[in-house]
Amino acid sequence: MSTLQGYVDRRVLLVLQDGRAIVGVLAGFDQKSNIVLADSKERVYSADEGVEEIPLGLYLVKGEMICLVGEIDEEIDKSVDLASIRADPIPPIRYG
Amino acid sequence: MLPLSLLTAAQNKPMLVELKNGETLNGHLVNCDNFMNITLREVYQTNPDGDRFWKLKECYIRGSTIKYLRVPDTLLDVVKEEQNRARDMNRSARGGHMGGGELRVVVLQEVVVVDVVDLCEEEEGAAEALNTFSYCSSVCFLYTLSIAV
């Protein structure tokens, strides 16, 4: 059985169906992969400006909206200078 | 922690709900259920572009249309606290007897360096002491000498 239990209390990256990337501490989850994210921040990518981090606080994200949950290596993450990164944002999922 | 326990604890608290179509609703939570259907009161609704607003006295949102909810940061601690309390209650209920007990805590670091005997009047106190010790030492060996009569 696959589970998110090992990610609890770790810093994770969520990618949502609308293309948003949110980092935060995984505080909880349930069978539907609904996720509680503490201390969360949205990372807004853009092609001609650095990455902007927008604090969001405590979030409850519906499982249906989640494409990806990834553990963040805090060491590596800290060593990355977000302001220097230029990247197109992830486009939202399109159906049909 | 279960997402739904957080939501339940958010009753009467302010929250922001974003729907899958991008609309947002700001209001106080009146009630919720296991499908995450919710009712809000004193709601400010915005359209997906965020340039039009509506005020609603009360509204019902079907859980399946929700993208995410944003709740007050302080709720996390409230829910954690509640869960700890429930766990402790459970423990002492299963323990059964409520008499005084003796808890012996031996802390090992390579060799035995400390030997602490903590006398507790209440079983609950013993559990608390046990928690404290297991927190402050990474390598420790705990056993209960006698939990009383």
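Residues numbered from 1 in each chain as written. Chains lettered and ligands numbered in written order. Predicted model: local features only at pLDDT ≥ 70, side-chain atom pairs only at ≥ 80, totals over all residues. Heavy atoms only, no water.

## Regarding the overall build of chain A
Phase 1 of the analysis: When its secondary structure is counted, chain A shows 1 helix and 5 strands.
Phase 2 of the analysis: From first element to last, N terminus to C terminus, chain A shows the α and β order β-β-β-β-β-α.
Phase 3 of the analysis: Along the three orthogonal principal directions, the C-alpha set of chain A runs to about 40 × 40 × 25 Å.
Phase 4 of the analysis: Taking all 96 residues of chain A together, 43% fall into the buried category.
Phase 5 of the analysis: Looking at chain A alone, contacts between residues at least 24 apart form 52% of all its contacts between residues at least 6 apart.
Phase 6 of the analysis: Taken as a whole, chain A presents about 5600 Å² of accessible surface, with 52% of it coming from carbon and sulfur.
Phase 7 of the analysis: Treating the 10 positive side-chain charges of chain A as one cloud and the 17 negative ones as another, the clouds have centres 4 Å apart. (Helix = DSSP H or I, 4+ residues; strand = E, 2+ residues; numbered from the N terminus. Buried < 20%, exposed > 50% of the residue type's maximum accessible area, 1.4 Å probe, protein only. Contact = heavy atoms within 4.5 Å. Areas by Shrake-Rupley, 256 points an atom, 1.4 Å probe, with all protein chains shown as cover. Lys, Arg positive; Asp, Glu negative; His and termini not counted. Charge placed at Lys NZ, Arg CZ, Asp CG, Glu CD.)

## Things to note about the overall build of chain B
Phase 1 of the analysis: A tally of regular secondary structure across chain B gives 3 helices and 8 strands.
Phase 2 of the analysis: For chain B, with 149 residues in total, the buried portion stands at 33%.
Phase 3 of the analysis: Restricting to contacts in chain B with at least 6 residues of sequence separation, those with at least 24 account for 47%.
Phase 4 of the analysis: Here chain B has roughly 9200 Å² of accessible surface; of this, 53% comes from carbon and sulfur atoms.

## With respect to the UniProt feature "domain: Sm" (unreviewed entry) in chain A
Phase 1 of the analysis: Taken from the UniProt record, the annotation "domain: Sm" (unreviewed entry) applies to residues 1-75 of chain A.
Phase 2 of the analysis: Counting secondary structure, residues 1-75 of chain A comes out at 3% helix and 55% strand; the distance between its end C-alpha atoms is 29 Å. (UniProt positions renumbered as here; feature names shortened; annotations may be inferred.)

## Structural notes on a negative patch on the surface
All names here are of chain A.
Phase 1 of the analysis: A contiguous patch of negative charge, built from Asp48, Glu49, Glu52 and Asp88, is present on the exposed surface.
Phase 2 of the analysis: Take Asp88: it is sitting in the segment after helix 1 (74-79).
Phase 3 of the analysis: Judged by relative accessible area, Asp88 falls into the exposed class, the value being 60%. (Patch = residues over 30% accessible without salt bridge, like charges linked within 9 Å, V, L, I, M, F, W, Y side chains within 5 Å. Salt bridge = Lys/Arg side-chain N within 4 Å of Asp/Glu carboxyl O.)

## Describing the environment of Ser40(A)
Residues and elements named next belong to chain A.
Phase 1 of the analysis: With respect to the secondary-structure elements, Ser40 resides in strand 3 (residues 35-44).
Phase 2 of the analysis: Since its relative accessible area comes to 1%, Ser40 is described here as buried.
Phase 3 of the analysis: Between the C-alpha atoms of Ser40 and Cys67, which are 27 residues apart in sequence, the distance is 17 Å.
Phase 4 of the analysis: Those residues in contact with Ser40 that lie beyond four places of it in its chain are Ile22, Val23, Gly24, Ile54, Pro55, Leu56, Gly57 and Tyr59.
Phase 5 of the analysis: Only 2.5 Å separates the side chain of Ser40 from the backbone oxygen of Gly57, close enough to count as a polar contact. (Polar contact = N/O pair within 3.5 Å; in protein donor to acceptor, adjacent residues only side chain to side chain.)

## Things to note about the pattern of salt bridges
Phase 1 of the analysis: Inspection of every chain in the model, using the stated rule, returns 14 salt bridges over all chains.
Phase 2 of the analysis: Its salt-bridge partner being Asp39(A), residue Arg11(A) comes within 3.8 Å of it at the nearest N-O pair. One end of the pair, Arg11(A), is in strand 1 (residues 11-16); the other, Asp39(A), is in strand 3, and 28 residues separate them in sequence.
Phase 3 of the analysis: Residue classification places Arg11(A) among the buried residues on the basis of a relative accessible area of 15%.
Phase 4 of the analysis: Look at Asp39(A) and you get partly exposed, because its relative accessible area is 46%.
Phase 5 of the analysis: One salt bridge in this structure joins Lys20(B) and Glu64(A), with 2.2 Å as the shortest N-O distance. With Lys20(B) in the loop between strand 1 (14-19) and strand 2 (24-32) and Glu64(A) in the loop between strand 4 (52-61) and strand 5 (66-71), this residue pair bridges two chains.
Phase 6 of the analysis: Exposure remark for Lys20(B): the relative accessible area of 35% places this residue in the partly exposed category.
Phase 7 of the analysis: One network of salt bridges, with partners in common, ties together Asp18(A), Arg20(A), Glu42(A), Glu18(B) and Lys67(B).

## Some details on the nonpolar core
Phase 1 of the analysis: Core analysis: the biggest nonpolar cluster contains 27 residues, and Val17(B), Ile38(B) and Leu40(B) have the highest contact counts within it.
Phase 2 of the analysis: Residues contacting Ile38(B), with those up to four places away along its chain left out, are Leu7(B), Val17(B), Leu29(B), Asn31(B), Cys32(B), Cys59(B), Tyr60(B), Ile61(B), Ile66(B) and Leu69(B).
Phase 3 of the analysis: The next biggest cluster of nonpolar side chains, apart from the first, holds 15 residues, and it includes Leu4(A), Leu14(A), Leu26(A) and Val61(A). (Core = buried A, V, L, I, M, F, W, Y, C linked by side-chain atoms within 4.5 Å.)

## As for the interface of chain A and chain B
Phase 1 of the analysis: Facing 21 residues of chain A, the contacting portion of chain B comprises 22 residues.
Phase 2 of the analysis: Here chain A packs against chain B, burying approximately 1800 Å² in sum over the two surfaces, 61% of which is carbon and sulfur.
Phase 3 of the analysis: Considering only the side of chain A, the residues that lose the most area to chain B are Leu58(A), Leu60(A) and Lys62(A), jointly responsible for 38% of the buried surface there.
Phase 4 of the analysis: Scanning the region where chain A abuts chain B turns up 3 salt bridges.
Phase 5 of the analysis: Two residues, Arg20(A) and Glu18(B), come together in a salt bridge whose shortest N-O distance is 2.7 Å.
Phase 6 of the analysis: In this structure, the connection of chain A to chain B is made through 12 residue pairs in polar contact (both at pLDDT 80 or more).
Phase 7 of the analysis: Its residues assigned to classes, the side of chain A that touches chain B comprises 12 nonpolar, 3 polar and 6 charged.
Phase 8 of the analysis: Taken together, the 4 bridges between strand 4 of chain A and strand 5 (residues 66-71) of chain B define a ladder with antiparallel strand orientation. In the sheet register, Tyr59(A) faces strand 5 of chain B, and the bridge partner there is Arg70(B). (Buried area = accessible area lost by both parts, 1.4 Å probe. Nonpolar A, V, L, I, M, F, W, Y, C, P; charged D, E, K, R; others polar. Pairing = 2+ DSSP bridges.)

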